[in-house]
Amino acid sequence: MDASSAQVKVVFTTNEEDLVLPESKRQLLVPADIKRYGLSRILNSESMLDTSSPVPLDFLANGTFLKTSIEEYLKSNGLSQETTLTLQYVRSLLPPVYEASFEHDDWVSGVDVLSSTSPAGLLAGDAAVNERVASASYDGLVRIWNPSGTAIAVSAGGKGEGHTQRINAVRWLSPTQLASAGLDRKVVVWDYKEADDDFSGTLKPNMELWGHGKNINSIDVNGSTRRILTASSDGRVGLWSASKRTAPQADPESLPSAHNTKRAKLSNAGSTAQRGPLAMIPLHEEAVTAAIFHPKDSTVAYSASLDHTVKTIDLTTQREVSRLTTMHPILCATALPGASLVAAGSSARHITLLDPRESAAATAAMTLRGHVNMVVSVAASPENDYSLVSGSHDSTCRVWDLRSVRLASSEEGGGSVSEPVYTIGREWLKGKKLPPAGDGAKVLSVAWDKTWGIVSGGEDKKVQINRGNGLLPS
Amino acid sequence: MGPSLPSRKRKEVSEVVESDDEFDGAELEGILSQSEDDDDDVEDSQSDGEEPELDEDEDEDEDEDEEDDVRSGDEEGEGINGESNSKNKPDVDGEADDEPNYRVVKDANGGVRYEYAEIDPVYDSDDSDAQGPVNTIGNIPLSFYDSYPHIGYDINGKKIMRPATGEALDALLDSIELPKGWTGLTDPETGKPLNLSQEELELLKKLQMNEVPSDDYNPYEDMIPYFTSIEEKMPLSAAPEPKRRFVPSKHEAKRIAKLVRAIKEGKILPYRPPEPETEQEDKYYDIWANEEAQERHVMHIPAPKLAPPGYDLSYNPPPEYLPTAEEKDNWEKLDPEEREKEYLPSKFDALRKVPAYGEFVKERFERCLDLYLAPRVRKNRLNIDPSSLLPKLPRPEELRPFPTVCQTIFKGHTSRVRTVAFSPDGEWIASGSDDGTVRIWALNGHQEWSAQLSSADEPEPVNMVRWRPSKDTFILAAAAGEDLFFIAPPIVSDATEQASRDVLNAGFGYATNGSSAAAATTTADGAKKEPPAKWSRPSASLVAKGVLLKFAVRSAIKTINWHRRGDFLCTVSPTGQRSSVIIHTLSKHLSQVPFRKLPGLAQTAQFHPSRPYFFVATQRMIRCYDLQRQELVKVIQPGARWISSMDIHPGGDNLIVGSYDRRLLWHDLDLSNRPYKTMRFHPEAIRAVKFHRGLPLFADASDDGSLQIFHGKVVGDLMENATIVPVKMLRGHKVEKKLGVMDVDWHPKHPWIVSAGADMTCRLWA
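Residues numbered from 1 in each chain as written. Chains lettered and ligands numbered in written order. Predicted model: local features only at pLDDT ≥ 70, side-chain atom pairs only at ≥ 80, totals over all residues. Heavy atoms only, no water.

If you check an unreviewed UniProt entry, chain B appears there as Ribosome biogenesis protein ERB1 from Trichoderma guizhouense. Database annotation for chain B, UniProt heading Function (unreviewed entry): "Component of the NOP7 complex, which is required for maturation of the 25S and 5.8S ribosomal RNAs and formation of the 60S ribosome." Its UniProt record, at the heading Subunit (unreviewed entry), says of chain B: "Component of the NOP7 complex, composed of ERB1, NOP7 and YTM1. Within the NOP7 complex ERB1 appears to interact directly with NOP7 and YTM1. The NOP7 complex also associates with the 66S pre-ribosome." (UniProt positions renumbered as here; feature names shortened; annotations may be inferred.)

The name given to chain A in an unreviewed UniProt entry is Ribosome biogenesis protein YTM1, with the source organism recorded as Trichoderma guizhouense. The annotation that UniProt attaches to chain A under Subunit (unreviewed entry) is "Component of the NOP7 complex, composed of ERB1, NOP7 and YTM1. Within the NOP7 complex ERB1 appears to interact directly with NOP7 and YTM1. The NOP7 complex also associates with the 66S pre-ribosome." Recorded under Sequence similarities (unreviewed entry), the UniProt text for chain A is reproduced unchanged: "Belongs to the WD repeat WDR12/YTM1 family."

**Q** What's the story with the overall build of chain A in this structure? I'm lost.
**A** Secondary structure assignment for chain A yields four helices and 36 strands. Across the 474 residues in chain A, those meeting the buried criterion constitute 56%. Pairs at least 24 apart in sequence give 56% of the contacts found in chain A among residues at least 6 apart. A total accessible area of about 19,500 Å² is found for chain A, and carbon and sulfur atoms account for 49% of it. (Helix = DSSP H or I, 4+ residues; strand = E, 2+ residues; numbered from the N terminus. Buried < 20%, exposed > 50% of the residue type's maximum accessible area, 1.4 Å probe, protein only. Contact = heavy atoms within 4.5 Å. Areas by Shrake-Rupley, 256 points an atom, 1.4 Å probe, with all protein chains shown as cover.)

**Q** Looking at this model, I keep getting lost on the confidence of the model for chain B. Mind explaining?
**A** Residue and element names in this part refer to chain B. Per-chain confidence: chain B averages 79 in pLDDT, with 80% of residues scoring 70 or above. Here residues 1-21 is a poorly scored stretch, pLDDT under 50, and it has nine contacts once near neighbours within four places are set aside; other chains count. Low pLDDT, under 50, characterises residues 34-96; the predicted model gives this stretch 43 contacts beyond four residues in sequence or across chains. Across the assembled chains, the prediction reports ipTM 0.84 with pTM 0.67. (pLDDT = per-residue confidence, 0-100.)

**Q** Explain the interface of chain A and chain B to me, please; I cannot follow it from the model alone.
**A** When the parts of a complex come together, some accessible area is lost, and that lost area is often used as the size of the interface. Taken together, the 35 residues of chain A in the interface contact 29 residues of chain B. Between chain A and chain B, roughly 2,700 Å² of surface is buried when both sides are summed, and carbon and sulfur atoms account for 48% of that area. For the pair chain A and chain B, the number of links is five salt bridges. The shortest N-O distance in the salt bridge between Asp-494 of chain B and Arg-185 of chain A comes to 3.1 Å. Applying the counting rule to chain A against chain B returns 17 residue pairs in polar contact (both at pLDDT 80 or more). Split into classes, the residues belonging to the side of chain A that touches chain B amount to 13 nonpolar, 12 polar and 10 charged. (Buried area = accessible area lost by both parts, 1.4 Å probe. Salt bridge = Lys/Arg side-chain N within 4 Å of Asp/Glu carboxyl O. Polar contact = N/O pair within 3.5 Å; in protein donor to acceptor, adjacent residues only side chain to side chain. Nonpolar A, V, L, I, M, F, W, Y, C, P; charged D, E, K, R; others polar.)

**Q** For this particular structure, what's the right way to read the confidence of the model for chain A?
**A** When pLDDT is low, close inspection of the predicted coordinates is not appropriate. Residues and elements named next belong to chain A. Mean pLDDT for chain A: 84, with 91% of residues reaching 70 or above. The secondary structure element of chain A with the lowest average pLDDT is helix H4 (residues 262-267), at 53, and the one with the highest is strand S20 (residues 288-293), at 94. Across residues 470-474, confidence stays below pLDDT 50; counting only partners more than four residues off in sequence or on other chains, it has 17 contacts.

**Q** When you look at the sheet that holds strand S1 (residues 7-13) of chain A in this model, what are you seeing that I'm missing?
**A** All names here are of chain A. The five strands are arranged S2-S1-S5-S3-S4 in an open sheet whose pairing can be described as mixed. Of all the strands in the sheet, the pair left with one neighbour each is strand S2 (27-31) and strand S4 (64-65). Bridge count for S1 against S2 is five bridges, and the pairing is antiparallel. In the strand pairing of S2, Gln-7 is matched with Pro-31. Packing against the sheet, helix H1 (residues 36-44) makes contact with S1, S2, strand S3 (57-61) and strand S5 (84-91), and its axis sits at approximately 115° to S3. (Pairing = 2+ DSSP bridges. Axes fitted to C-alpha atoms, helices over the stretch in contact; angles between N-to-C directions.)

**Q** Sorry, what's going on with the packing of aromatic side chains here?
**A** Both the distance between ring centres and the angle between the ring planes are used here to describe each pair of aromatic rings. Residue and element names in this part refer to chain B. A full pass over the atoms with the stated rule returns 21 aromatic pairs over all chains. Centre to centre, the rings of Trp-666 and Phe-691 are 5.5 Å apart; their planes meet at 80°, and the pair counts as edge-to-face. Separated by 25 residues along the polypeptide, Trp-666 in strand S27 (residues 664-668) and Phe-691 in strand S29 (residues 686-691) bring together distant segments of the chain. On the basis of relative accessibility, which here comes to 1%, the residue Phe-691 falls in the buried class. Where Phe-681 meets Phe-710, the ring centres are 6.0 Å apart and the plane angle is 20°; that geometry is what we call stacked. Residue Phe-681 is found in the loop between strand S28 (677-679) and S29, and its partner Phe-710 is found in strand S31 (residues 706-713); the two are separated by 29 residues along the sequence. A relative accessible area of 0% places Phe-710 in the buried class. Among the aromatic residues, ring-to-ring pairing joins Trp-666, Phe-681, Phe-691, Phe-698 and Phe-710 into one connected group. Note that Lys-545 overlies the ring of Trp-449, its terminal NZ or CZ placed 6.0 Å from the centroid. (Phe/Tyr/Trp six-rings, centres within 6.5 Å; stacked < 30°, edge-to-face > 60°. Lys NZ or Arg CZ within 6 Å of the ring centre and 35° of its normal.)

**Q** Can you walk me through the side chain of Asp-355 of chain A in this structure?
**A** For Asp-355 of chain A, the position within the fold is in the loop between strand S26 (350-354) and strand S27 (364-369). By relative accessible area, which is 8% here, Asp-355 of chain A ends up buried.

**Q** Help me out: how do you make sense of the pairing of strand S23 (residues 622-626) of chain B in this one?
**A** Where a strand is regular, its side chains alternate between the two sheet faces. Residues and elements named next belong to chain B. Of all five residues in S23, five are buried, a share of seventy percent or more. On S23, burial covers both faces: Ile-622, Cys-624 and Asp-626 on one face and Arg-623 and Tyr-625 on the other are all buried. Of the pairings in the sheet, the one linking strand S22 (residues 613-617) to S23 comprises five bridges and is antiparallel in character. Across the sheet, residue Val-616 finds its bridge partner in S23, namely Arg-623. The sheet contact formed by S23 and strand S24 (residues 631-636) spans five bridges and is antiparallel. By the bridge assignment for S24, Tyr-625 is matched with Leu-632.

**Q** Would you take a moment to explain the side chain of Ser-573 of chain B for this structure?
**A** Residue and element names in this part refer to chain B. Note that Ser-573 resides in the loop between strand S18 (568-572) and strand S19 (581-585). Ser-573 sits in the buried class, given a relative accessible area of 1%. Setting aside chain neighbours within four positions, we find Ser-573 in contact with Val-553, Ser-555, Ala-556, Ile-557, Lys-558, Ser-579 and Ser-580.

**Q** So what exactly am I meant to see when it comes to a nonpolar patch on the surface here?
**A** Residues and elements named next belong to chain B. Taken together, the side chains of Tyr-285, Ile-287, Trp-288, Phe-365, Leu-369, Tyr-372 and Leu-373 make up a nonpolar region of the molecular surface, amounting to roughly 830 Å² of accessible area. Assignment of secondary structure puts Tyr-372 in helix H7 (residues 360-373). Using a relative accessible area of 55% as the deciding quantity, one classes Tyr-372 as exposed. (Patch = residues over 30% accessible without salt bridge, like charges linked within 9 Å, V, L, I, M, F, W, Y side chains within 5 Å.)

Structure representation (structure tokens):
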């Protein structure tokens, strides 16, 4: 054994209950030049964990992922080689692999996925659920795609049916229903029927929901209660019923027929049923950018707005319960089911994790920094409680691990800060430098599903699918 | 949108109308002209880059005033003269009356006797011919009459009065016309002035000139010689020469013998003995000989010590100090002055083989020169921290938020983008370009709407787009060439669009400036007056796109600005001469020219954000008019050569001005009409300046392709001045044909700014 292979004493710890090492094996002398892969192999060996199939592991040293060899880590942190290093091992996030791109005619503003593991697919119970992607585009059309990249169904555009202007968001209500909303201030509930050959389908508007005065920025659905939440630029959050039967009649003043404009006549030509909101809650001074259901409690919702606040809404009384004020306009939000946090993407290029609970000591639990442009879409991981993906105007999606935390310097405003684990660029850029200001490649929407992987759509008129093969094995 | 909201807002608006006594805009036509009447010179000719000389007008005014003063003074003078003339006239008449110059009195015998009035010996009186006074007192001294006022008696037995001696008037008269021979002396015999005759004067003159006084005396008479000059032929004596003149002198022989004896004895030396040369050693001075040991003073600097000799100076240095052949060669090739060392280390086996050091004397000499001549001065370092000289400004990091990076690039225009504007709700951006289109974008860079305002082949550049500042309508005003278009883009809710259409169509009932009204607006002399703008519907294809109304003025519109209530709109067309600044009333489709004459080329105009003031910027001045009282309130002189743009702080008390001569000027309107701060940070002209409506930020756009963001905090109380801190330089726009960033606009709420570039893009910075 020559002098270069010095040994370092490490202590392995973990929070994963199924991977706990016996007490006696936790301390180990390892060569100093070993890297993540070597450590992972050591832990997977027969003498240690004795796993049936190797579990790729990542190692957190002092809150940051070990990316270099232990020796270099110690050197860069100014530690002696004689110190005992505590390594927390976690299941590895594997880099997402590019799968496919689905071409559109115009910018893709919203994507949602349907699979047996998606929220809408889970509603179907035991029935077989096809894997589908719904995309909303700026040309006013909703498209349904199968995994091989064929557009199975395209909504009718223009004349009376469907959207007359760009669509901002689309969601699966159930395997046979979708809801979409956009600049023309209405929510359209679509009936989706698929032919038996799996290669063709039809999208028929079931009903139109009218009530907002301006552009609808995002929608969220709760499949079990069949409720829809919309966030609009008029500062209001709309609560709607997705079934024609329970939806109230629309306020005639809000319908386009109330105004004798040419455009109104055009859009009124269809025969789709028109319904109104269950509740229209004026909450914000400025445009509401996101309204989301609480992941577990369907009577609670969160709304995020450009006026820097995130509010908790009680949907039964339709009142604001509490509000969280941040420093920047918020452009998107999603709830993290496990951590009871709300991840809010801001125009100041970061994601803030907000704790909306009354008991929380600090409102901002963590800040995720790394994007270089506005963060317009976030999605929580479907499999665990500590990772999420965000889509930004800087043409990237970034995957974050909330366990990798460090304390922020005073320049960054203090608190905890995390950096992205993976950055997913647009495939057609072929790893070139980021275009300035995300020019031509902005990501506008991102969704994360266990089956599909990370699905993102953007200014490049493409839906891009990235799958981590066993990205997060169970 | 619920029905209650618009009505409430409308109510608010109407309340505002009642509460602030605003100008009603009913008659703006020429209302601001009377204040301009005296400014006759219009700077039309100065568009070719000549410096407009606005001061001229004022100077002329002053000159006129002065002339008036002088003239009035003359008139006063004439008045005085006239009066004095009229006073003099009666006196002259009185003198002209003829009266007998004698009186009749009784004499001693009771007979009649004529007594003549004393003749006044005035100038030109006849009496001047009479002989001078004669001595009537005989040959007695005049002093006998000293106690009397008279001197003797005349032929009539009257006293001859003593002449008025020393009387000032006489003396003055005498001094004016001096009689011949006047001396200023008094003749003691007669008591009269003593005059000298010509001969006496000449005599005196000769005496004065040191000449011979009398003519008879001749100072240069012929010389009579006493001795003759003629040489005699015969000697006076015939005696022979004496013997002693030939015989040697014994006395001399004796003296020579004496000298010879002295030389022989050595008493007299034939040459001077050489002096001993020992004294020459004293000529060398030891300048430090008398140096006293000085106490250590702060300023004392000891002479630098010579470095001790190193190994290379040894006669037997270690081999590593010895130069190689190449080094030696190099050293020898070098100029003696360029050599690093004066010597080359060399090795000798024994000390006895060391030759004499040839450079020794020279080296000592140079050392002495160093010590003696090289000045040794303690250098006083300036103990001023350079950072303390800078003004204390907060760090830019503390002044967040402000835009820092480009977030969106808006691509689509096919020519340079001239103008850009955020909609009042901050969700849309409108841009106008040289390609003749107006485009509306979402903030993420998606083009939502566009319209070609003029023909695509020969597009009129869209010089300015501005949104109507109201949230319940969605109206964009766009200036293309001489036309101004009102656009209600069909991208908002039907209720809003309907409201916008109603606002635009409301004025068609009035049709004041339309074709029917042309007859109504005639001037006093009956001539038909062309309305300043013609309001009409644009072509059907444009109406279908949402362009609902337009008007045309006489020359190309460069700037438009809305009044905050959205009913008035001012347009500025710099080449429009008389009608360069026009105020339009949207609700009546009425256009009025508030200035009959404008001093200078109007560049931009703007309404005050809260008061009924109207700011008009010409090339060098900004004038502020009160539209309600119809008067000039203030003239602001930024000191810029050519103002390009201005913006008024939403608080209303501050103003920023950008100029083509690269200056950005901040004016405090309460403080002075001169700029509070002048900033020259751009190497090229500044095209646009803009205040943020809510945050303490402002920005400028320059032809060097950059924007500068400033933090400009205005404090309410008058004691504190505004804090201005440059916080960020935003670069990204490319410079094309020397044009960089053409326009900027702030988001109404957030610290986001959008810029229009000559590189055919707009950029959003956040």
